[in-house]
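# A structural walkthrough
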Amino acid sequence: MNRKISIIIALIVALAMGGCNNSQQRASQKSSENKKEVIEIGADFTLSGNISAWSIQLKNGLDIAINDFNKKSKKYKISVIYEDNKGKTSEAVLIFKKFSDMSKVATVISCFTPISQAIRDLADQSKLPLIATVTSATNFSINNKWVVRDFVTQEQQVPPLAKYAFTKLGLKNATSLVVNDDYGLDAAKIFKKEFENLGGTFYHGDVFEQNTISVRNQITKVLKNHPDVILVVGREIGRAHV
């Protein structure tokens, strides 16, 4: 997490003061106290609810790193405006639009695949840079110069799992039980492709919703084919009940 926070801080400064003229205009304030150039960042985070863990960790890390950066930097001061989208994409959209209307906000940070997906196109429309983390959806940052992803993709994470299961463990039949969003569906699709290319058999899997409490029915369904291995992809509550 420390390395990730450092990368995000570097991206903030680069986007705010570098190649985006729009961001330069947004970040052109001066602090009256110390004459440092102030970079205002909007954080479209999930700070409450059952999927808040990632955003809370990220906020804690950002607070520490930004405090350290501001003490050391003689030229810039970073300030973050945190908004809680409560894990709802509709709220995330409203928050991003609010940030885009605030001329002082130079860059927005998002956390969590469904949230980042919901505001991706808004970044392009408003010409407001978006740094998306904990976002692994396939092709997320393709054809959008206003979006930067700071997270490993499913194309990077999943194929090694399929190869390990088939080659190292000798497992020949697989299926999946994944959360019903881009994070889970992309993982299942990529695992299936890689596993079958290696010579394995992949049975049709099942999905569960993010807030699902019981997945007993889905587990019963995917076990009918007696797979050697089940790819499980989820978060917090849903994953805990698999």
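Each remark here, short or long, concerns the structure printed above.
As a starting point, this report considers the structure included with it. Treat the numbers as computed from the prediction; the structure is a model and nothing was measured. (Residues numbered from 1 in each chain as written. Predicted model: local features only at pLDDT ≥ 70, side-chain atom pairs only at ≥ 80, totals over all residues. Heavy atoms only, no water.)

### Quick notes on the overall build of the chain
Helix and strand counts for the chain stand at nine helices and 10 strands. Among the 242 residues that make up the chain, the fraction classed as buried is 48%. The long-range fraction of contacts in the chain, counting pairs at least 24 apart against all pairs at least 6 apart in sequence, stands at 64%. Just so you have it, the chain exposes about 12100 Å², and 50% of that area is on carbon and sulfur atoms. (Helix = DSSP H or I, 4+ residues; strand = E, 2+ residues; numbered from the N terminus. Buried < 20%, exposed > 50% of the residue type's maximum accessible area, 1.4 Å probe, protein only. Contact = heavy atoms within 4.5 Å. Areas by Shrake-Rupley, 256 points an atom, 1.4 Å probe, with all protein chains shown as cover.)

### Topic: the environment of V178
Position of V178 relative to the elements: it lies in strand β7 (residues 173-179). Residues V178 and I230 lie 52 residues apart in sequence; the distance between their C-alpha atoms is 9.7 Å. Here V178 is in contact with G184, L185, A188, D206, V207, F208, L231 and V233, once residues within four sequence places are set aside.

### Comments concerning the side chain of K36
Checked against the element boundaries, K36 lands in the loop between β1 (29-30) and β2 (37-45). Judged by its relative accessible area of 11%, K36 is buried. At 2.6 Å, the side chain of K36 and the backbone oxygen of S73 are in polar contact. (Polar contact = N/O pair within 3.5 Å; in protein donor to acceptor, adjacent residues only side chain to side chain.)

### Some thoughts on the pattern of salt bridges
The final tally for this structure, using the stated rule, is six salt bridges. Residues K192 and E196 are paired through a salt bridge, measuring 3.1 Å at the closest nitrogen-oxygen approach. Separated by four residues within a single helix, K192 and E196 lie in helix α7 (residues 182-197), roughly one turn from each other. Judged by its relative accessible area of 34%, E196 is partly exposed. (Salt bridge = Lys/Arg side-chain N within 4 Å of Asp/Glu carboxyl O.)

### Focus on a nonpolar patch on the surface
Residues L223, I230 and V232 make up a contiguous nonpolar surface patch of about 200 Å² in total accessible area. Its location among the elements puts L223 in helix α8 (residues 216-223). We classify L223 as partly exposed; its relative accessible area is 41%. (Patch = residues over 30% accessible without salt bridge, like charges linked within 9 Å, V, L, I, M, F, W, Y side chains within 5 Å.)

### A word on helix α6 (residues 154-168)
Over its 15 residues, α6 extends 21 Å from the first C-alpha to the last, a length consistent with the 21 Å expected when each residue adds 1.5 Å. Looking at the buried side of α6, the elements it contacts are α7. Positive backbone phi, at 70 degrees, marks G170, one or two positions downstream of α6. (Expected span 1.5 Å × (residues − 1).)

### Re the packing of helix α4 (residues 89-101) against helix α5 (residues 113-126)
Orientation of α4 relative to α5, taken along the N-to-C sense of each, is 30 degrees, at an axis distance of 9 Å. Our classification of the angle between α4 and α5 gives roughly parallel. In the packing of α4 onto α5, the handedness of the crossing is right-handed. Across the interface between the two elements, T89, A92, V93, F96, K97 and S100 from α4 touch P114, I115, A118, I119, L122, A123 and S126 from α5. In the contact of α4 with α5, the residues fall into nine nonpolar, three polar and one charged. (Axes fitted to C-alpha atoms, helices over the stretch in contact; angles between N-to-C directions. Parallel < 35°, antiparallel > 145°, perpendicular 65-115°, else oblique. Left-handed = near helix turned anticlockwise from the far one by under 90°. Nonpolar A, V, L, I, M, F, W, Y, C, P; charged D, E, K, R; others polar.)

### Let's talk about the packing of aromatic side chains
Summed over the entire model, instances satisfying the criterion amount to five aromatic pairs. Aromatic pair W54 and F151: ring centres 6.4 Å apart, planes at 85 degrees, arrangement edge-to-face. Placement of the pair is W54 in helix α3 (residues 53-72) and F151 in the loop between β6 (147-150) and α6, with a sequence separation of 97 residues. W54 gets classed as partly exposed once you look at its relative accessible area, which sits at 32%. Ring geometry for F166 against F195: centres 5.7 Å apart, planes inclined by 90 degrees, an arrangement best described as edge-to-face. (Phe/Tyr/Trp six-rings, centres within 6.5 Å; stacked < 30°, edge-to-face > 60°.)

### A few points about the packing of α6 against α7
In the contact formed by α6 and α7, the axes pass within 8 Å of each other and the chain directions differ by 45 degrees. The orientation of α6 relative to α7 falls into the category oblique. For the crossing formed where α6 meets α7, the hand is right-handed. Along the contact surface, α6 presents Q154, E155, V158, P159, L161, A162, A165 and F166, while α7 presents Y183, D186, A187, I190, F191, E194 and F195.

What is shown is where atoms sit, not what they do.
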